[in-house]
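# Architecture at a glance
If you want the building blocks of each chain, they are given just below.
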Amino acid sequence: MAKYLSVHKKYIGNMNKRNVLNCIRENQPINRSAIAQMVGLSTPAVMAITEELLKMKIICSAGKGGSGVGKHPELLSVRGDHFRYIGVDVGRVNSRVVITGQDGEILASSKCPTKGIEEPLHYLDSLSEQIKRTIKQTDIDWETIVGVCVAMPGLIEEETGTVIFSPDFGWKDIPLQKLMQERLEPLQVMVENANRAQARWETRPERKNKESTIFCIGLGYGIGSAIISNGELYYGSSGTSGEIGHIIVNPNGAVCLCGNNGCLEAVASGRAIAEQARQIVKFGHDTILCRLCGGDIESITAKMVFEAAALQDEVAIKLIDQAAKYIGVALATAINMLDPDTIYLCGGMMKNGDDFLERIKKYTRERQMHLAGRHVVICRGSRNDLNVACGATLMIQDLGWKFEALSFLY
Ligand SMILES: [Zn+2]
């Protein structure tokens with residue numbers, strides 16, 4: 001297949017523009033006659049298109065090329081400051097939106113509680129309104145937005161952006177990409193798994209990390225993970241890799257939202273810890289949690305359990321220790337399977353003190369196979385609340401130029 005595609009007559013003008021733009025981006029700085037040769041257009045046609053792209057401030061002059069005597073043609077580059085990216089982190093507790101520029105600088109962000117997920121269509125209405133409000137916070141033109149990446153927990157069908165199954169949300173077969181696309185016309189929308197967006201953030205270019213195999217686990221309301229192998233996200237044959245939250249660590253354990261018993265998520269997630277604490281308080285155990293929840297047992301959260309543990313509450317410490325033990329079992333399995341360079345522990349549960357991290361490390365070391373994964377480093381991931389949303393913007397940068405339509409060209 002030719003690198004720069006030919007298309008139906010109806011779209012040919014736009015496609016030529018896109019081909020020229022992609023050619024500049026991939027070969028910049030480049031002169032007009034070289035572009036003409038590469039995309040198979042006449043030099044006057046390329047001159048007309050580049051004139052238009054210059055007027056739109058999408059490309060700019062990059063000086064004169066060549067050396068020696070004779071005419072030196074003008075070189076062209078894509079303007080790095082022109083494009084904007086929107087990342088959305090649909091978490092079970094909060095929905096966050098971030099708009100970034102070409103160099104990852106945050107131009108605007110917003111946070112709203114995630115409510116009404118039982119009615120996906122209504123929830124998506126409010127999410128798209130949140131995105132539009134966030135765009136309004138800035139003075140950016142919609143035409144400069146390359147795309148929107150919505151990251152959420154669960155199994156996502158890569159080609160269609162359909163949520164096949166999200167236990168945390170109780171969603172099955174929700175065509176999220178299509179539904180958001182309709183609400184955000186003419187912006188392009190893609191959907192990704194939130195743990196992959198987090199992993200993408202951990203491997204952002206400025207970190208210059210040399211690790212080739214990374215395991216990134218998200219410990220929050222639910223538990224999920226992402227694998228980076230040879231520097232690339234690993235999706236698996238049907239895109240469902242990384243579901244560490246649903247490996248069984250206790251066959252007789254609590255029922256999981258996925259329908260199975262004893263999944264890691266069912267016994268060690270933030271949701272599970274909070275539920276275990278509520279049961280203990282209901283049974284009348286002596287714990288500071290009774291005071292922390294102000295008598296409202298249903299209001300107990302995992303955050304409260306971590307607070308109680310920090311105050312040396314024995315019941316809370318036991319719950320945290322048990323969760324760390326199960327997570328250690330799962331991570332030991334991941335190490336034995338993948339032999340990663342680094343394991344990043346991310347998510348809301350990792351915002352608590354180092355005690356939880358140290359317990360996880362200890363149980364992992366105890367359970368991993370002797371001499372397996374002996375170089376693996378286990379550490380906390382980035383702590384910023386906008387990591388997943390920012391990782392999502394990087395995923396648009398990775399894929400943005402492959403979009404069927406860049407909105408500003410149509
Ligand atoms: Zn499960």
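Residues numbered from 1 in each chain as written. Predicted model: local features only at pLDDT ≥ 70, side-chain atom pairs only at ≥ 80, totals over all residues.

Accessible area lost upon the coming together of the parts is a frequently used measure of interface size. One can read the domain layout of the protein as domain 1 (9-78), domain 2 (84-200 + 388-409) and domain 3 (210-383). Of note, the centres of domain 1 and domain 3, computed from C-alpha atoms alone, are 52 Å apart. (Domains from an automatic or database assignment.)

So, on to the pairing of strand β3 (residues 74-78). Of the strand pairs in this sheet, strand β1 (residues 30-31) and β3 are connected by two bridges, and their pairing is antiparallel. Residue pairing for β3: Asn31 is matched across the bridge by Leu75. Where strand β2 (residues 59-64) meets β3, four bridges bridge the pair, whose relative direction is antiparallel. When the sheet's bridge partners are listed, Ser61 is paired in β3 with Leu76. (Pairing = 2+ DSSP bridges. Helix = DSSP H or I, 4+ residues; strand = E, 2+ residues; numbered from the N terminus.)

This next bit is on the sheet that holds strand β10 (residues 171-174). With respect to topology, three strands assemble into an open sheet ordered β8-β9-β10, the strand pairing being antiparallel. The open sheet has two free edges, formed respectively by β8 (155-157) and β10, since each of these has just one partner strand. Put simply, the sheet's adjacent strands are angled 20 degrees from each other on average, direction ignored. With three bridges connecting them, β8 and strand β9 (residues 162-166) associate as antiparallel partners. Within the sheet, the bridge partner assigned to Ile156 lies in β9 and is Val163. (Axes fitted to C-alpha atoms, helices over the stretch in contact; angles between N-to-C directions.)

Spatial ordering of the open sheet is given by β1-β3-β2, a layout of three strands whose pairing is antiparallel. Each of the sheet's edge strands pairs with one partner strand only, and the pair in question is β1 and β2.

Now for helix α10 (residues 302-310). Buried residues of α10: Ala302, Val305, Phe306, Ala308 and Ala309, and no others. For α10, the arc enclosing every buried residue in end-on projection is 160 degrees, short of the 170-degree limit, so these residues lie on one face. Elements in contact with the buried residues of α10: α8 (270-282), α9 (289-292) and α11 (314-338). Positive phi shows up at Gln312, right after α10, with a value of about 65 degrees. (Buried ≥ 20, exposed ≤ 12 C-beta atoms within 10 Å, placed from the backbone. Arc of directions from axis to C-beta. Contact = placed C-beta atoms within 7 Å.)

Let us now look at the pairing of strand β16 (residues 377-380). When strand β15 (residues 342-346) meets β16, the two strands line up parallel, connected through four bridges. Each bridged residue has a counterpart across the sheet, and for Ile343 the counterpart in β16 is Ile378. Following the chain from β15 across helix α12 (residues 354-367) to the adjacent parallel β16, one finds a crossover that is right-handed. (Right-handed = clockwise from strand over helix to strand, strands pointing away.)

Another point: the environment of Ile343. Take Ile343: it is sitting in strand β15. Here Ile343 falls in the buried class, since 23 other C-beta atoms lie within 10 Å of it. Between the alpha carbons of Ile343 and Lys172 there is a distance of 30 Å; along the sequence they are 171 residues apart.

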